[in-house]
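Notes for the structure review
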Amino acid sequence: MSVTVEHARFAEIPLLIARPAGMVSPFPTVLWFHGFGADKEVHLPELCRLAELGLLAVGVDAVGHGQRRLADLAQHACRPPHETPRLFARIVNGTVAEVPALIDRLVELDLTDQQRVGVAGVSMGGCIAYGAIAGDRRPCAAAVLLGSPEWALAELPDLAVERFFPAALMSITAEHDTVVPPAAARVLHEKLEPRYHTHPDRLSYREMAGASHFMQPQEWASAVDLTSAWLTRFLA
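Now for a description of the structure that goes with this document. (Residues numbered from 1 in each chain as written. Predicted model: local features only at pLDDT ≥ 70, side-chain atom pairs only at ≥ 80, totals over all residues. Heavy atoms only, no water.)

**What about the pattern of salt bridges?**
On inspection of all chains with the given rule, the structure shows 12 salt bridges. E6 is the salt-bridge partner of R19, the closest N and O atoms lying 2.4 Å from each other. One end of the pair, R19, is in strand β2 (residues 13-20); the other, E6, is in strand β1 (residues 3-10), with 13 residues separating them in the sequence. Across the pair R138 and D104 runs a salt bridge whose closest N-O atoms are separated by 2.6 Å. Of this pair, R138 sits in the loop between α4 (124-135) and β6 (139-145) while D104 sits in helix α3 (residues 85-108), and the two are 34 residues apart along the sequence. Looking at R138, the relative accessible area reads 21%, which means it is partly exposed. Here D104 falls in the partly exposed class, since its relative accessible area comes to 34%. (Salt bridge = Lys/Arg side-chain N within 4 Å of Asp/Glu carboxyl O. Helix = DSSP H or I, 4+ residues; strand = E, 2+ residues; numbered from the N terminus. Buried < 20%, exposed > 50% of the residue type's maximum accessible area, 1.4 Å probe, protein only.)

Set out below in structure tokens:
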């Protein structure tokens, strides 16, 4: 399937949108969030992959990144989240807070089927994806790669856990990740299992053996394959 790619800006949020050519909107949609210090363009291959599968794939520049990059971001981006906790939390929670309005606008423009909205993210983007599920009931599927729920869910962890089901959630972590250790995602899934007992197929935790935060190409390809299959299964 051919794909068209365009830049857009909704309510001052810079976007990179990949859509399946020749298909009629509204589309099942995935909002894709990048990592700390990166931008939406980094994930153009993944956006195009999802669009080829029939989804509207929307790459989002997080607060302080990409086309709205903070002047001093570079000096912070080379450090792990726990060394810049205030900045990291401000970016994560600020971006999470934008998600409802972004979905609203995509629906208003008849681009997005609000019954089939998903979120995905890598590293910091994964933290945002967890927060997006807890903050808005419309995302019905999510794929989180190398992320942690502790940043976005810190203020209301118990309430937030109750807000996940029935969204289809897959988390992919790396066994030897020292930047975003897998423990918090693993614990979240343990808490969620009883809540998904009637639909266990909608909850999946994958910890990639031997992998680190900066995956090898083959490991990343495997993670993207899992992500694409999960999102199309529950959205397309």
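**Some words on the nonpolar core**
One broad trend across soluble globular proteins is that nonpolar side chains are buried collectively. Membership of the largest hydrophobic core comes to 49 residues, with the highest contact counts inside it found for L31, V92, F164 and L169. Sort the elements by how many residues they give to this core and α3 lands first, with 9 residues. Residue contacts for L169: discarding those within four places in its chain leaves Y130, I133, A142, V144, F164, H189, L192, R202, L203, S204 and W230. The next biggest cluster of nonpolar side chains, apart from the first, holds 28 residues, and it includes W32, L145, A174 and W230. (Core = buried A, V, L, I, M, F, W, Y, C linked by side-chain atoms within 4.5 Å. Contact = heavy atoms within 4.5 Å.)

**Section: helix α1 (residues 44-52)**
Where α1 is concerned, the buried positions are E46, L47, C48, L50 and A51. Where α1 is buried, its residues meet β1, β2, β3 (27-33), β4 (56-60) and α7 (217-235). Positive phi appears at G54, one or two residues downstream of α1, with a value of about 100 degrees.

**Some words on helix α6 (residues 183-192)**
Since there are 3.6 residues in each turn of an α-helix, residues three or four apart along the chain are aligned in direction. Inspection of α6 places A185, L188, H189 and L192 among the buried residues, and these make up the whole buried set. With its buried residues spanning 95 degrees around the axis, α6 presents them on a single face. (Arc of directions from axis to C-beta.)

**Examining the side chain of R202**
Within the secondary structure, R202 sits in the loop between α6 and β8 (203-208). Look at R202: it is buried, it has no salt bridge, and the nearest opposite charge is D201 at 5.7 Å. A polar contact of 3.4 Å, which involves the side chain of R202, links it to the backbone oxygen of C140. The residues contacting R202, other than those within four sequence positions of it, are C140, P166, A167, A168, L169, Y196, W230 and F234. (Lys, Arg positive; Asp, Glu negative; His and termini not counted. Polar contact = N/O pair within 3.5 Å; in protein donor to acceptor, adjacent residues only side chain to side chain.)

**A short note on unusual backbone geometry**
Cis geometry is adopted by the peptide bond preceding P26, which originates at S25 and carries an omega value of 10 degrees. Residue P166 is reached from F165 by a cis peptide bond, and omega for that bond is 10 degrees. On the secondary structure map, P166 appears in the loop between α5 (157-162) and β7 (168-174). For D110, which is not glycine, the phi dihedral falls at a positive 65 degrees. Relative to the helices and strands, D110 is located in the loop between α3 and β5 (112-122).

**Comments concerning the packing of α1 against α7**
How two helices sit against one another is set out by the angle between their axes and by the gap between those axes. Viewed as axis vectors pointing N to C, α1 and α7 meet at an angle of 35 degrees, and their least axial separation amounts to 10 Å. Note on packing geometry: the crossing formed by α1 with α7 is right-handed. On the side of α1, the interface is formed by E46, R49 and L50, while α7 contributes W220, V224, D225, S228 and L231. Across the contact of α1 with α7, the residue classes tally to 4 nonpolar, 1 polar and 3 charged. (Axes fitted to C-alpha atoms, helices over the stretch in contact; angles between N-to-C directions. Left-handed = near helix turned anticlockwise from the far one by under 90°. Nonpolar A, V, L, I, M, F, W, Y, C, P; charged D, E, K, R; others polar.)

**Some details on the environment of L56**
On the secondary structure map, L56 appears in strand β4. Of the residues examined, L56 reaches a relative accessible area of 0% and is grouped as buried. Distance in space between the C-alpha atoms of L56 and I128 is 19 Å, their sequence separation being 72 residues. With near-sequence residues (within four places) excluded, L56 lies in contact with I17, A18, R19, P20, F27, P28, T29, V30, L106, L111 and T112.

**Let's talk about the packing of α3 against α4**
Contact pair α3 / α4: the axes reach a minimum separation of 9 Å and the direction vectors enclose 45 degrees. If you check the angle between α3 and α4, you find them oblique. For the pair α3 and α4, the sense of crossing is right-handed. Residues F88, I91, V92, T95, V96 and V99 of α3 lie in contact with α4, whose contacting residues are M124, C127, I128, G131 and A132. Its residues assigned to classes, the contact of α3 with α4 shows 9 nonpolar, 2 polar and no charged. (Parallel < 35°, antiparallel > 145°, perpendicular 65-115°, else oblique.)

The values reported here are purely geometric and, on their own, carry no functional implication.
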